[in-house]
Amino acid sequence: MPRTLQEQLDQLERDIKLYMEFDRAEKDRFNRESYLWTAEDRIEWQEIQSDNAERLRELREQRDALRSQMGL
């Protein structure tokens, strides 16, 4: 676990970037492959997208709180 506030902020920024990259890759995959998917595949994809969006919101809230705490 990062020790300083700056290290924590840096980790949050990296996590946000990774989740955003995953989101872009999944949307690209959807555009390429979704016509082959079953209804269950589409539902699963939507659930993953929803979970990913929720996690991104949480990470951004943590980042904003940390920035506020640091006076940024």
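The following paragraphs examine the structure supplied in this document.

Cut-offs and rules
- Residues numbered from 1 in each chain as written.
- Predicted model: local features only at pLDDT ≥ 70, side-chain atom pairs only at ≥ 80, totals over all residues.
- Heavy atoms only, no water.
- Axes fitted to C-alpha atoms, helices over the stretch in contact; angles between N-to-C directions.
- Helix = DSSP H or I, 4+ residues; strand = E, 2+ residues; numbered from the N terminus.
- Parallel < 35°, antiparallel > 145°, perpendicular 65-115°, else oblique.
- Left-handed = near helix turned anticlockwise from the far one by under 90°.
- Nonpolar A, V, L, I, M, F, W, Y, C, P; charged D, E, K, R; others polar.
- Buried < 20%, exposed > 50% of the residue type's maximum accessible area, 1.4 Å probe, protein only.
- Phe/Tyr/Trp six-rings, centres within 6.5 Å; stacked < 30°, edge-to-face > 60°.
- Patch = residues over 30% accessible without salt bridge, like charges linked within 9 Å, V, L, I, M, F, W, Y side chains within 5 Å.
- Areas by Shrake-Rupley, 256 points an atom, 1.4 Å probe, with all protein chains shown as cover.
- Salt bridge = Lys/Arg side-chain N within 4 Å of Asp/Glu carboxyl O.
- Lys, Arg positive; Asp, Glu negative; His and termini not counted.
- Charge placed at Lys NZ, Arg CZ, Asp CG, Glu CD.
- Expected span 1.5 Å × (residues − 1).
- Contact = heavy atoms within 4.5 Å.

What to know about the packing of helix H1 (residues 5–33) against helix H2 (residues 39–70)
One can describe the packing of H1 onto H2 by two numbers: an axis separation of 9 Å at closest approach and a directional angle of 155°. Relative to H2, H1 is oriented roughly antiparallel. The handedness of the crossing between H1 and H2 is left-handed. Here the residues of the contact of H1 with H2 sort into 14 nonpolar, 6 polar and 11 charged.

Section: the environment of Gln62
Within the element layout of this structure, Gln62 appears in helix H2. Of the residues examined, Gln62 reaches a relative accessible area of 38% and is grouped as partly exposed. Linking Gln62 and Leu12, residues 50 residues apart in sequence, is a C-alpha distance of 7.7 Å.

Regarding the packing of aromatic side chains
Tallying each qualifying case throughout the model produces 3 aromatic pairs. Geometrically, the ring pair formed by Phe30 and Trp37 is edge-to-face, given 5.5 Å between the ring centres and 70° between the ring planes. Between the aromatic rings of Trp37 and Trp45, the centroid separation amounts to 6.3 Å while the plane-to-plane angle is 50°, which identifies the pairing as tilted.

Topic: a negative patch on the surface
On the surface, a cluster of negative charge is made up of Glu40, Asp41, Glu44, Glu47 and Asp51. Mapped onto the elements of the fold, Asp41 is located in helix H2. In this structure Asp41 comes out as partly exposed when scored by relative accessible area, which is 33%.

A short note on the environment of Ile48
Its location among the elements puts Ile48 in helix H2. Residue class for Ile48 comes out partly exposed when judged on its relative accessible area of 31%.

Considerations on H1
The end-to-end C-alpha distance of H1 is 42 Å, a good match for the 42 Å that 29 residues give at a rise of 1.5 Å each. Of the positions making up H1, those classed as buried are Leu9, Leu12, Ile16, Asp23 and Glu26. Packing partners of the buried residues in H1 comprise H2.

Quick look at the pattern of salt bridges
Tallying each qualifying case throughout the model produces 9 salt bridges. The partner of Arg63 in a salt bridge is Asp64, and the shortest N-O contact between them spans 3.7 Å. For Asp64, a relative accessible area of 41% puts it in the partly exposed group. Look at the salt bridges and you will find they share partners, linking Glu13, Arg63, Asp64 and Arg67 into a network.

Scope: geometric values only; no functional claims are made or implied.
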